[in-house]
Amino acid sequence: MDDASFKPSRRLFLASGMAASGALVVGFGFDAVAANEGATRLGDYVAIAPDGTVTIRAKNPEIGQGIKTMLPMLIAEEMDVAWEQVRIETAPADEKRFGAQFAGGSMSTPMNYEPMRRVGAATRAVLVEAAAAALKKPVNELTVEAGVVHHKATGASIGYRKLVSAAAKLKLPDPASVTLKPDSAFTIIGKSKGGYDSPAIVAGKPIFGIDVVVPGMKYAVFVKPPVYGAKLKSANIDVIKALKGITHVFTLQGSGDFHSLQDGVAIVADKWWYARAARDQLEVVWDDAVGAPHDSATYAAKAKELAKTKGASVASNGDADAALSKATKKIEAWFETPFLAHVPMEPQNCTAKVTADGVEIWAPTQAPAWGRPHVAKALGIAEDKITIHMIRCGGGFGRRLENDYMVEAAAIAQKAGVPVKLIWTREDDVAYDYFRPGNYHRFEAAIDGGKITAYKARAVTFARDGKVAQGAGIGPHDFVPLISENYALEQHLIETLIPTGYLRAPSSNALGFVHECFLDEIAGALNKDPFTLRQEIVEAAIASPRPVKDGERGASYQPKRLKAVLETLRTRSGWDAAKSGNGIGYGVATYFSHRGYFAEVAKVKVDDDGNWKVLKVWVVGDVGRTIINPTGAANQVEGSVMDGIGEMMSEITFDKGRAVQSNFQDIPMIRMSQAPHIDLHFELSDNGPTGLGEPALPPVIPAVCNAIFAATGVRVRKLPLLPETLSKAART
Amino acid sequence: MITLTVNGKAHRLDVPEDMPLLWALRDELELPGTKFGCGVAQCGACTVHVDGVAVRSCATPVGSLEAGAKITTIEAIGATAQGKALQKAWLEVDVMQCGYCQAGQIMSAAALLQATPKPIDDDIDAAMEGNLCRCATYKRIREAIKSAAGMALTDTREA
Ligand code: FES
Ligand code: FES
């Protein structure tokens, strides 16, 4: 998602003028705790109960990024209520009322920071107006604290809970017209608030998609071909039907739509285990010949061939080839990054109920609105007859931007004629992923007179139906234009059958690695401290800002913010005193993505067998002037850093179109003993707050790889990072 | 018929012997706090206690349990001193991101504290290595375990 696509809606998500008095805000089906009887609604976001409880709706899906806690903090802040009074409920999926409702691109913060505060301020305004009438005092003499309106001069006061029915009859002001608090008056924003659902989580309460129970529901597995696009030829359906606990077995036909239904066999049972166990007896024949050419080895060979020739130009300036041909020193390198699986901790699942009135769906999804049209099409039901409840997701990482499992649950429920909870196995989750695509890069740089006179990067990535595949975009890269005045970025594409998609910090999670590692190689060729080189590049960018084309990725890049980040990092990490060698190494990297400016130093240890461990990571980031929820913000950064390190450990390879790896035994993930120490600092700058789900991830991978070089003398140009490539014997 | 004693209550279930304990808990006994993550004993999301020992319920067929085995799940761990302290510490440290792995983490941590009331970092690594957290809340899990054990939160591992 580039900057061009980021236009905060002018619509301020508040049904101005509408004040449905006495309406209940009730939670959905299984969430009995959510019932808040007797509360009065003020607009779409707030309801206040007679006991003073303030229910605030969180409009976006919760995937572990803390949005369910953070968005209501913004409303509560401007309403002047105490956090202890607040009850949070997830909003219905209804973009007409709530605007964009998705978890992606670290966009929830920049898109909602001001609008949600305006919702709170407008709600406060009607309550204060009601108080003015009740207390017979002018509005401008009233103050609010913890949901109680005070007239300081006379000591008179009245609580929101007593004002809400009168306020509900008033017209909510246009949110655009209300005045917001100065930052100095914040009492909630900037103060750590624990996750709202956390007490339920530690008690094992049912709050995830996989926990949804609908009366009368059955459980399903859906067996799809292991090769995307393969066709179902036959299946021993009658045998499966006769097995214990099985209620329905049938086939569904794929729509040919990459985001929607594929051919498959649905097994529906009284309980999930029966469906899962019956699946072991399923004999299904696929016509999977389409997969034959799609092998990891074939892709790698093809990429090497393609990289010998000029690719399509993505960005260029000056004449990189001319500078390269006359350079006194040239360096080049070949980098490879693998396909990766998302594997959120909660396997894909969804519950659906189809009746004559329409479809009701309980979905752990990052983007309910993107699933709705696919459900409508697959079921032949109008979109406005589809109700989607957004259920807390056990992780997302970009996987749940796709809603294939939602369409499957709905289609199975429709055909079975009963409500169905579909649960994928972990093996399904891996086999049917929309993988982070791998890519290949050939780099060349020219060095003349102590300067980088050319920088050339030729990427080979993947295409689907002739177009750059999801998650396979390469830029224009934000930093390349800053490194040398002669640069060229080219791209070749390999058509792939493998479904690809967006993985946390899409593109940047791979581009950060390759560019920032090659930059360290350049620093080596220049005989320059890699930290200093980065600072010089940023200084040069400040001195002569590059022209930015409208809508270009990174158009909002401000080098002076990165400069401050780098200066702080240099001090905090003790870079100048850090001593690499003898299996210990320090490395630095930086990256700008998702509006966040991050730079990181990693310290690693590598033993003689090549086993590597990240001991510590220093992180400095600038995401604006306000850290809305400090504990949540730090949690996101810690998670991103460790997730990045985890990405260096695994890969998905393909054999005739099917993923070779299937579950955590062959997809190693970062575990407790591998988690590094983290030193985190936010550099506050006078800019609006931006999101934290992603930008701390891209720099950690190259920082670690550069540290590995410092420790071992081995340049890391290929992931995953295997010990045998770093062992004493492998070092030369 | 299989008899299971879960959280102090005996239940008789008409389920096949090879049904994993995980699915008996989730779907038969309506105790969905125990989570499904991998089904092959690789992630720890499904951790419960059998006679005080942390086991992966996804890989424990109900038929393999000794008669009279006492099963404890996340729903009841708060009734033990360690479990209660851990739940409190988990909230104080604000461990959770998505939270999906955390029932399993708390169950593994509770078994650790029952065996080793004052764990050092190596003990924590060993006891918690089988519990994946895809959101990578490991730093906070480590702190919360120490907090529940009444220890200093400092990470003493090499930095
Ligand atoms: S679900 Fe049992 S260990 Fe993963
Ligand atoms: S908190 Fe998400 S998997 Fe652990």
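Residues numbered from 1 in each chain as written. Chains lettered and ligands numbered in written order. Predicted model: local features only at pLDDT ≥ 70, side-chain atom pairs only at ≥ 80, totals over all residues. Heavy atoms only, no water.

A. Examining the overall build of chain B more closely. If you tally the helices and strands in chain B, you get six helices and five strands. Along chain B, helices and strands appear, N-terminal first, in the series β-β-α-β-β-β-α-α-α-α-α. Relative to the compact-globule value of 15 Å for 159 residues, chain B shows a C-alpha radius of gyration of 15 Å, a close match. On the principal axes, the C-alpha backbone points of chain B span a range of 55 × 30 × 25 Å. The 159 residues of chain B split such that 57% are buried. Summarising the internal contacts of chain B: among those between residues at least 6 apart in sequence, 57% fall at separations of at least 24. Surface accessibility of chain B: about 5,800 Å² in total, with carbon and sulfur atoms responsible for 52%. Both charge centroids of chain B, one from 15 positive and one from 19 negative side chains, sit 6 Å from each other. (Helix = DSSP H or I, 4+ residues; strand = E, 2+ residues; numbered from the N terminus. Rg over C-alpha atoms; globule rule 2.2 N^0.38 Å. Buried < 20%, exposed > 50% of the residue type's maximum accessible area, 1.4 Å probe, protein only. Contact = heavy atoms within 4.5 Å. Areas by Shrake-Rupley, 256 points an atom, 1.4 Å probe, with all protein chains shown as cover. Lys, Arg positive; Asp, Glu negative; His and termini not counted. Charge placed at Lys NZ, Arg CZ, Asp CG, Glu CD.)

B. Layout of the interface of chain A and chain B. Taken together, the contacts link 65 residues of chain A with 54 residues of chain B. Counting the surface lost from both chain A and chain B, the interface buries some 5,000 Å², and carbon and sulfur atoms represent 58% of this. Its largest share of buried area at the contact with chain B, chain A owes to A:Val202, A:Met345 and A:Met672, together 18% of the area lost on that side. Our count for the contact surface shared by chain A and chain B stands at seven salt bridges. A salt bridge links A:Lys605 to B:Glu158, with the shortest nitrogen-to-oxygen separation between them at 2.8 Å. Scanning the region where chain A abuts chain B turns up 31 residue pairs in polar contact (both at pLDDT 80 or more). Listed by contribution, the elements that provide at least two residues to the side of chain A that touches chain B are helix H5 (198–202), helix H7 (272–279), helix H12 (426–431), strand S24 (596–606), strand S25 (612–622), helix H17 (630–647) and strand S28 (677–682) of chain A. No other element matches the nine residues that H17(A) contributes to the side of chain A that touches chain B. Of the residues in the side of chain A that touches chain B, the class split is 32 nonpolar, 18 polar and 15 charged. (Buried area = accessible area lost by both parts, 1.4 Å probe. Salt bridge = Lys/Arg side-chain N within 4 Å of Asp/Glu carboxyl O. Polar contact = N/O pair within 3.5 Å; in protein donor to acceptor, adjacent residues only side chain to side chain. Nonpolar A, V, L, I, M, F, W, Y, C, P; charged D, E, K, R; others polar.)

C. View of the confidence of the model for chain A. Per-residue confidence for chain A gives a mean pLDDT of 92; residues scoring 70 or more make up 93%. Counting interchain partners and residues more than four positions distant, the pLDDT-below-50 stretch residues 1–36 of chain A has 95 contacts. (pLDDT = per-residue confidence, 0-100.)

D. Seen up close, empty space enclosed by the protein. Throughout the structure, instances matching the rule amount to five cavities of 30 Å³ or more. Looking at the second largest cavity, its volume works out to about 150 Å³. Around the second largest cavity, the lining comprises 17 residues; the ones closest to its centre are A:Asp643, A:Gly646, A:Glu647, A:Met669 and B:Arg134. For the lining of the second largest cavity, the element with the most residues is H17(A), which contributes four residues. (1 Å grid on protein atoms, 1.4 Å probe; cavity = no way out; pocket = protein on both sides within 12 Å on 5 of 7 lines; lining within 4 Å. Points joined across faces, edges and corners; volume = space filled by probe spheres on them.)

E. Geometry of the pattern of salt bridges. Residues and elements named next belong to chain B. Here the structure, examined in full by the defined rule, presents 60 salt bridges over all chains. Measuring nitrogen to oxygen at the nearest pair gives 3.7 Å for the salt bridge that ties Lys139 to Glu143. You can see Lys139 and its partner Glu143 sitting in helix H6 (residues 138–148), four residues apart, about one turn around the helix. Within this structure, Asp121, Asp125, Arg142, Lys146, Asp155 and Arg157 form a network of salt bridges that share partners.

F. Molecular detail of the sheet that holds strand S1 (residues 2–6) of chain B. Residues and elements named next belong to chain B. In spatial order, the strands read S2-S1-S5-S3-S4; together these five strands make up an open sheet with mixed pairing. Strands at the two margins of the open sheet, each flanked by one partner only, are strand S2 (9–13) and strand S4 (53–56). With direction set aside, neighbouring strand axes in the sheet form an average angle of 40°. In the sheet, strand S3 (residues 47–50) pairs with strand S5 (residues 70–72) via two bridges, with the strands oriented antiparallel. Residue Val50 lies in a different strand from S5, and its bridge partner there is Ile71. Across the sheet, helix H4 (residues 102–115) is in contact with S3, S4 and S5; its angle to S3 comes to roughly 35°. (Pairing = 2+ DSSP bridges. Axes fitted to C-alpha atoms, helices over the stretch in contact; angles between N-to-C directions.)

G. View of the domain arrangement of chain A. Taken as a whole, chain A is organised into domain 1 (3–181), domain 2 (209–289 + 348–423) and domain 3 (297–340 + 435–725). Spacing between the C-alpha centres of domain 1 of chain A and domain 3 of chain A amounts to 41 Å. (Domains from an automatic or database assignment.)

H. Just the domain arrangement of chain B, in detail. Residues and elements named next belong to chain B. As far as domains go, chain B holds domain 1 (2–76) and domain 2 (78–148). A combined buried area of about 1,300 Å² lies between domain 1 and domain 2, and 57% of that area is made up of carbon and sulfur atoms. Linking domain 1 with domain 2 are zero salt bridges. Where domain 1 meets domain 2, there are seven residue pairs in polar contact (both at pLDDT 80 or more).

I. Spatial organisation of the side chain of A:Arg458. Residue and element names in this part refer to chain A. In this structure, Arg458 sits in strand S20 (residues 451–464). For Arg458, a relative accessible area of 7% puts it in the buried group. Among the polar contacts listed, one links the side chain of Arg458 to the backbone oxygen of Ala307, at a separation of 2.8 Å. Aside from chain neighbours lying at most four places away, what touches Arg458 is Ala307, Lys308, Thr309, Lys310, Gly311, Tyr440, His441, Arg442, Glu490 and His492.

J. Summary view of the sheet that holds strand S2 (residues 46–48) of chain A. Residue and element names in this part refer to chain A. With mixed pairing, four strands are arranged side by side in an open sheet as S1-S2-S3-S4. With partners counted over all chains shown, the strands left at the sheet margins are strand S1 (40–42) and strand S4 (86–90), one partner each. With direction set aside, neighbouring strand axes in the sheet form an average angle of 25°. In the packing of helix H1 (residues 67–79) onto the sheet, the strands contacted are S2, strand S3 (54–58) and S4, and the crossing angle to S3 comes to about 130°.

K. Layout of the pairing of strand S7 (residues 156–159) of chain A. Residues and elements named next belong to chain A. Summarising the sheet, strand S6 (residues 148–151) and S7 pair through four bridges and their orientation is antiparallel. Paired with His151 across the bridge in S7 is Ala156. A loop of four residues connects S6 with S7, the two strands running antiparallel in sequence, and Gly155 in this loop sits at a positive phi of about 80°.

L. Representation of the packing of H4(B) against H6(B). Residues and elements named next belong to chain B. Running from N to C, H4 and H6 cross one another at 40°; their axes reach a closest spacing of 11 Å. Taken together, the axis directions place H4 and H6 in an arrangement best described as oblique. Remark: the crossing between H4 and H6 carries right-handed chirality. Facing Gln102, Gln105, Ala109, Leu112 and Leu113 of H4, the residues of H6 in contact are Ile141, Ile145 and Ala148. Tallied by class, the residues present in the contact of H4 with H6 amount to six nonpolar, two polar and no charged. (Parallel < 35°, antiparallel > 145°, perpendicular 65-115°, else oblique. Left-handed = near helix turned anticlockwise from the far one by under 90°.)

M. Here's a closer look at the packing of aromatic side chains. Under the defined criterion, the tally for this structure stands at 27 aromatic pairs over all chains. Between A:Tyr45 and A:Phe98, the ring centres sit 5.3 Å apart and the planes meet at 85°, which makes this aromatic pair edge-to-face. Note that A:Tyr45 is positioned in the loop between S1 and S2 and A:Phe98 in helix H2 (residues 95–98), a separation of 53 residues in sequence. Each member of the pair, A:Tyr45 as well as A:Phe98, is classed as buried. Here B:Arg134 stacks its cationic end above the ring of A:Phe397, 3.9 Å away from the centre of that ring. (Phe/Tyr/Trp six-rings, centres within 6.5 Å; stacked < 30°, edge-to-face > 60°. Lys NZ or Arg CZ within 6 Å of the ring centre and 35° of its normal.)

N. Summary view of helix H8 (residues 296–306) of chain A. Residues and elements named next belong to chain A. Listed as buried for H8 are Ser296, Tyr299 and Ala303. Along H8, the residues classed as buried sweep out an arc of 60° about the axis, all on the same side. Residues of H8 that are buried make contact with strand S14 (329–337), strand S19 (439–448), S20, strand S22 (487–495) and strand S26 (654–655). (Arc of directions from axis to C-beta.)

O. Looking closely at the nonpolar core. With 202 residues, the main nonpolar core has A:Ile522, A:Trp612, B:Leu4 and B:Trp90 as its most contacted residues. In terms of residue count, the dominant contributor to this core is helix H14 (residues 508–526) of chain A (10 residues). Excluding anything up to four places from it in sequence, A:Trp612 contacts A:Lys605, A:Val606, A:Ile645, A:Met648, A:Met649, A:Val704, A:Ile708, A:Leu721 and A:Leu726. Within the second largest apolar cluster, 45 residues are counted, among which are A:Leu74, A:Ile75, A:Ala130 and A:Leu172. (Core = buried A, V, L, I, M, F, W, Y, C linked by side-chain atoms within 4.5 Å.)

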